[in-house]
Amino acid sequence: MLDLELIKQKYQDMLTDDLVRLSKKPKDLREEVIPILQTELNRRGKRDDAAALTRLLNETPELKYQGLSLIELREVVKERLEAGEAMDSIKIDFRLNGIDVFELLKDEVNFEEEVYSSITQMKQDGASAKEIDEHLEKNYQIEKADTGKIKADLIIKGKRNQTIGFILIVISCILILLIVFDNSIKGVKGSVILLISGISMYALGVKQAKE
């Protein structure tokens, strides 16, 4: 109930033109907020738009988010959060429309890692910044305005991996030295595996942090 009250207050604070634009996209609205939007439209004398909202809903019985890409789904979530809607209600709405939020989040992580991996490989192959930007736009629909932040995030991630890798290398070397001085073979295998992991992570971090 509190969530609906917040939405009601949000609609009252919005400009009339923004409310009208919102009414043109009934598939982006939860069923229970539609009467609130119609009431506000009627209060402002936009009776035709309020009535049209009902007609549009009757003409679009399919699932709201059918066919939307991951990027588009993330944009829907962002817009609804900015409109004052609670995340829990968005999750419920997604679930009612056939979208598993946990799968969505997992896909988002996989998408991010795929993009990072793609940039890292292109850097390693000597691609220019322009070529990377064009690749991201063509293959991942990431606009040029957003590529700068993504590449900056990758550099931060790379430096973090370098630090973690360096720490693992130091720890594994200390363990190996202790084992050697102790004349023991116990723990050698684990220390070597740790050393290899540290070297691999550090090398990956170098590639990721490359300007």
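Computed from a prediction, not measured in an experiment: that's the story for all the values here.

A cluster of acidic residues, Glu131, Glu134, Glu137, Glu143 and Asp146, forms a negative patch at the surface. When you line up the elements, glutamate 143 lands in the loop between α8 (129-140) and α9 (144-181). Classification of glutamate 143 as exposed rests on a relative accessible area of 53%.

Moving on, we come to the side chain of serine 172. As for its position among the elements, serine 172 is in helix α9. Once residues within four sequence positions are removed from consideration, serine 172 is found in contact with Ser191, Leu194 and Leu195.

On to a nonpolar patch on the surface, then. On the surface, Phe166, Ile167, Val170, Ile171, Ile174, Leu175, Leu178, Tyr202 and Val206 cluster together into a nonpolar patch covering about 770 Å² of accessible area. Contributions of two or more residues to the nonpolar patch are made by α9 and α10 (188-209). Element by element, the count of residues in the nonpolar patch is highest for α9, at seven residues. Relative to the assigned elements, isoleucine 174 resides in helix α9. In this structure isoleucine 174 comes out as partly exposed when scored by relative accessible area, which is 45%.

As a further point, take the packing of α8 against α9. Between α8 and α9, the shortest axis-to-axis distance is 10 Å and the interhelical angle comes to 110°. Looking at the two axes, α8 sits roughly perpendicular to α9. Handedness of the crossing formed by α8 with α9: right-handed. Along the contact surface, α8 presents Ala129, Ile132, Asp133 and Leu136, while α9 presents Lys144, Thr147 and Lys151. The residue inventory of the contact of α8 with α9, partitioned by class, reads three nonpolar, one polar and three charged.

On to α10. Counting along an α-helix, one turn takes 3.6 residues, and residues three or four places apart therefore face a common direction. The terminal C-alpha atoms of α10 lie 31 Å apart, and with 22 residues this matches the ideal 32 Å at 1.5 Å per residue to within 8%. Buried residues of α10: Ser191, Leu195, Gly198, Gly205, Gln208 and Ala209, and no others. Seen along its axis, α10 keeps its buried residues to an arc of 155°; they face one direction.

Attention shifts here to the layout of surface pockets. Here the second largest pocket is characterised by a volume of approximately 450 Å³. Lining the second largest pocket are 17 residues, with Leu22, Leu29, Glu79, Arg80 and Ala83 sitting closest to its centre. Mapped by element, the contributors of at least two residues to the lining of the second largest pocket are α1 (2-13), α2 (16-23) and α5 (70-82). Here the element with the most residues in the lining of the second largest pocket is α5; it accounts for four residues. Of the residues in the lining of the second largest pocket, the class split is eight nonpolar, no polar and nine charged.

The subject of this paragraph is the nonpolar core. Counting residues in hydrophobic clusters, the biggest one holds twelve residues: Ile7, Tyr11, Leu19, Val20, Leu29, Val33, Ile34, Ile36, Leu37, Leu41, Ala50 and Leu53. Within the residue set of this core, elements represented by two or more residues are α1, α2, α3 (34-43) and α4 (47-59). Per-element accounting of this core gives the leading share, four residues, to α3. Setting aside chain neighbours within four positions, we find tyrosine 11 in contact with Leu19, Leu22, Leu29, Val33, Ile36, Leu37, Glu40 and Arg44. The next biggest cluster of nonpolar side chains, apart from the first, holds eleven residues, and it includes Phe111, Tyr116, Met122 and Ile132.

Calculation rules
Residues numbered from 1 in each chain as written. Predicted model: local features only at pLDDT ≥ 70, side-chain atom pairs only at ≥ 80, totals over all residues. Heavy atoms only, no water. Patch = residues over 30% accessible without salt bridge, like charges linked within 9 Å, V, L, I, M, F, W, Y side chains within 5 Å. Areas by Shrake-Rupley, 256 points an atom, 1.4 Å probe, with all protein chains shown as cover. Salt bridge = Lys/Arg side-chain N within 4 Å of Asp/Glu carboxyl O. Lys, Arg positive; Asp, Glu negative; His and termini not counted. Charge placed at Lys NZ, Arg CZ, Asp CG, Glu CD. Helix = DSSP H or I, 4+ residues; strand = E, 2+ residues; numbered from the N terminus. Buried < 20%, exposed > 50% of the residue type's maximum accessible area, 1.4 Å probe, protein only. Contact = heavy atoms within 4.5 Å. Axes fitted to C-alpha atoms, helices over the stretch in contact; angles between N-to-C directions. Parallel < 35°, antiparallel > 145°, perpendicular 65-115°, else oblique. Left-handed = near helix turned anticlockwise from the far one by under 90°. Nonpolar A, V, L, I, M, F, W, Y, C, P; charged D, E, K, R; others polar. Expected span 1.5 Å × (residues − 1). Arc of directions from axis to C-beta. 1 Å grid on protein atoms, 1.4 Å probe; cavity = no way out; pocket = protein on both sides within 12 Å on 5 of 7 lines; lining within 4 Å. Points joined across faces, edges and corners; volume = space filled by probe spheres on them. Core = buried A, V, L, I, M, F, W, Y, C linked by side-chain atoms within 4.5 Å.

The quantities given are spatial measurements derived from coordinates; they are silent on function.
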